[in-house]
Amino acid sequence: MTTQQQDPIVPLYRDSFPDFAAMVRRMGGTLEQAKDSFHDALLIYLEKQKAGTLQVHSTSKAYLLGTAKICWLRTRDNRSILSLPEGLECAEPEDREFQAGESGARENGLLDSLLRSGKKCMEVLKAFYYDHCSMQDIAGRFGFSGRRSAAVQKYKCLEKVREEIKKAEAYAQ
Amino acid sequence: MRSELNDVRLIDGHLFRQLNEEETRTVETRMLVDNGFAENVAAQRTAHRLVRLYGQREDRRRLDAIYRLLLTDINFALRLKTIFT
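### Topic: the overall build of chain B
Right, on to step 1. The number of helices and strands found in chain B is 4 helices and 0 strands.
Right, on to step 2. Along chain B, from the amino end to the carboxyl end, the secondary structure elements read α-α-α-α.
Right, on to step 3. Taken over C-alpha atoms, the radius of gyration comes to 23 Å for chain B, far larger than the 12 Å a tight globule of 85 residues would show.
Right, on to step 4. On the principal axes, the C-alpha backbone points of chain B span a range of 65 × 25 × 20 Å.

This is the structure in structure tokens:
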């Protein structure tokens, strides 16, 4: 397991965040706002990196600062970060207003319920769909006998989650 | 089990826009004539949104932990203090 000290994001964070915080300060923002926008940008960076779609043309720091600036400006102007420019739209973090709204609260509640009833299933699905791990990696990480067994478990988990979602939606109606 | 596995793959392909024209037509037709299949597509779409929400939640925790760790670094903390005073 990677400790926080060994986390590969730490050097990038240490090198980039003070520069971004200074930029936000110059534009009248607070440290908390700078941190939130920086984390939104890092989520985009991490998701793209995991999906193998990250295209850094100069440096990771420049990419991150540019993305964080867009996130900050959109948050400041109360514009949804769901409408980020082309190229960023595939990995945008869930909009904070959406998460705080009724739909967001319902989905957060549903997620909490799924984690309570079957955390391992959610971990398996996250490993495959969010972290983009191979079936072989998933088999090793979760103790399945091989790729085929991991694929079947992933299917069973998805089926279980789908049924929970259907029940929750029927209940909500 | 095999046909169910194939359905999961087919729906994933549809949701991630990875199907060819013929497969796309198959999914669209089945959604029209098979309510159970259409419900599975909708639920699988929500499942993907929840998995992503979970991944982002975990990543936010990871980033918050890194931020707290870096605040224990005197040089990093001093730089931030200088910027915001």
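Right, picking up where we left off after that structure.
### Focus: the overall build of chain A
Right, on to step 1. When helices and strands are counted, chain A shows 7 helices and 0 strands.
Right, on to step 2. Helices and strands appear in chain A in the N-to-C order α-α-α-α-α-α-α.
Right, on to step 3. By the burial criterion, 29% of the 173 residues in chain A qualify as buried.

### A closer look at the interface of chain A and chain B
Right, on to step 1. On the chain B side, the residues contacting the 33 residues of chain A number 30 residues.
Right, on to step 2. At the level of elements, α1 (9-26), α2 (31-51), α5 (102-130) and α7 (147-172) of chain A are the ones that each hand at least two residues to the side of chain A that touches chain B.
Right, on to step 3. In terms of residues, the side of chain A that touches chain B owes the most to one element, α5(A), which gives 9 residues.
Right, on to step 4. Its residues assigned to classes, the side of chain A that touches chain B shows 22 nonpolar, 2 polar and 9 charged.

### Some remarks on α7(A)
Right, on to step 1. For α7(A), built from 26 residues, the straight-helix expectation of 38 Å at 1.5 Å per residue is met to within 8% by its first-to-last C-alpha distance of 37 Å.
Right, on to step 2. All of the buried residues along α7(A) are A:Ala150, A:Gln153, A:Lys154, A:Cys157, A:Leu158, A:Val161, A:Arg162, A:Glu164 and A:Ile165.

### Topic: the nonpolar core
Right, on to step 1. Counting residues in hydrophobic clusters, the biggest one holds 22 residues, and the most contacted among them are A:Val124, A:Leu125, A:Val161, B:Ala47, B:Leu50 and B:Val51.
Right, on to step 2. Sorting the residues of this core by element identifies α5 and α7 of chain A together with α3 (35-71) of chain B as the ones contributing at least two each.
Right, on to step 3. When neighbours within four sequence positions are excluded, A:Val124 is seen to be in contact with A:Ile138, A:Phe142, A:Gln153, A:Lys154 and A:Cys157.
Right, on to step 4. A:Phe20, A:Tyr45, A:Tyr63 and B:Leu63 belong to the second-largest nonpolar core, a separate cluster that totals 21 residues.

### Details of α5(A)
Right, on to step 1. Between its first and last C-alpha, α5(A) extends only 24 Å over 29 residues, short of the 42 Å set by a 1.5 Å rise per residue.
Right, on to step 2. Of all the bends in α5(A), the greatest, near 115 degrees, is centred on A:Gly118.
Right, on to step 3. Along α5(A), the residues classified as buried are A:Glu107, A:Leu110, A:Leu114, A:Cys121, A:Met122, A:Val124, A:Leu125, A:Ala127, A:Phe128, A:Tyr129 and A:Tyr130.
Right, on to step 4. Against the buried residues of α5(A) lie α6 (135-142) and α7 of chain A together with α3 of chain B.
Right, on to step 5. Positive phi shows up at A:His132, right after α5(A), with a value of about 55 degrees.

### Some details on the confidence of the model for chain B
Right, on to step 1. Taken residue by residue, chain B gives an average pLDDT of 94. The fraction at 70 or more is 98%.
Right, on to step 2. Reported confidence for the predicted complex is 0.88 by ipTM and 0.85 by pTM.

### So, the packing of α2(A) against helix α3 (residues 60-76) of chain A
All names here are of chain A.
Right, on to step 1. Interhelical geometry of α2 versus α3 gives an angle of 125 degrees and a closest axis separation of 8 Å. With respect to each other, α2 and α3 are oriented oblique. In this structure, α2 meets α3 at a crossing whose hand is right-handed. Across the interface between the two elements, Ser37, Phe38, Asp40, Ala41, Leu42, Ile44 and Tyr45 from α2 touch Tyr63, Leu64, Thr67, Ala68, Cys71, Trp72 and Thr75 from α3.
Right, on to step 2. Class assignment of the residues belonging to the contact of α2 with α3 gives a composition of 10 nonpolar, 3 polar and 1 charged.

Calculation notes
Residues numbered from 1 in each chain as written. Chains lettered and ligands numbered in written order. Predicted model: local features only at pLDDT ≥ 70, side-chain atom pairs only at ≥ 80, totals over all residues. Helix = DSSP H or I, 4+ residues; strand = E, 2+ residues; numbered from the N terminus. Rg over C-alpha atoms; globule rule 2.2 N^0.38 Å. Buried ≥ 20, exposed ≤ 12 C-beta atoms within 10 Å, placed from the backbone. Contact = placed C-beta atoms within 7 Å. Nonpolar A, V, L, I, M, F, W, Y, C, P; charged D, E, K, R; others polar. Expected span 1.5 Å × (residues − 1). Core = buried A, V, L, I, M, F, W, Y, C linked by C-beta atoms within 7 Å. Bend = angle between axes of the 7 residues up to and from the residue. pLDDT = per-residue confidence, 0-100. Axes fitted to C-alpha atoms, helices over the stretch in contact; angles between N-to-C directions. Parallel < 35°, antiparallel > 145°, perpendicular 65-115°, else oblique. Left-handed = near helix turned anticlockwise from the far one by under 90°.

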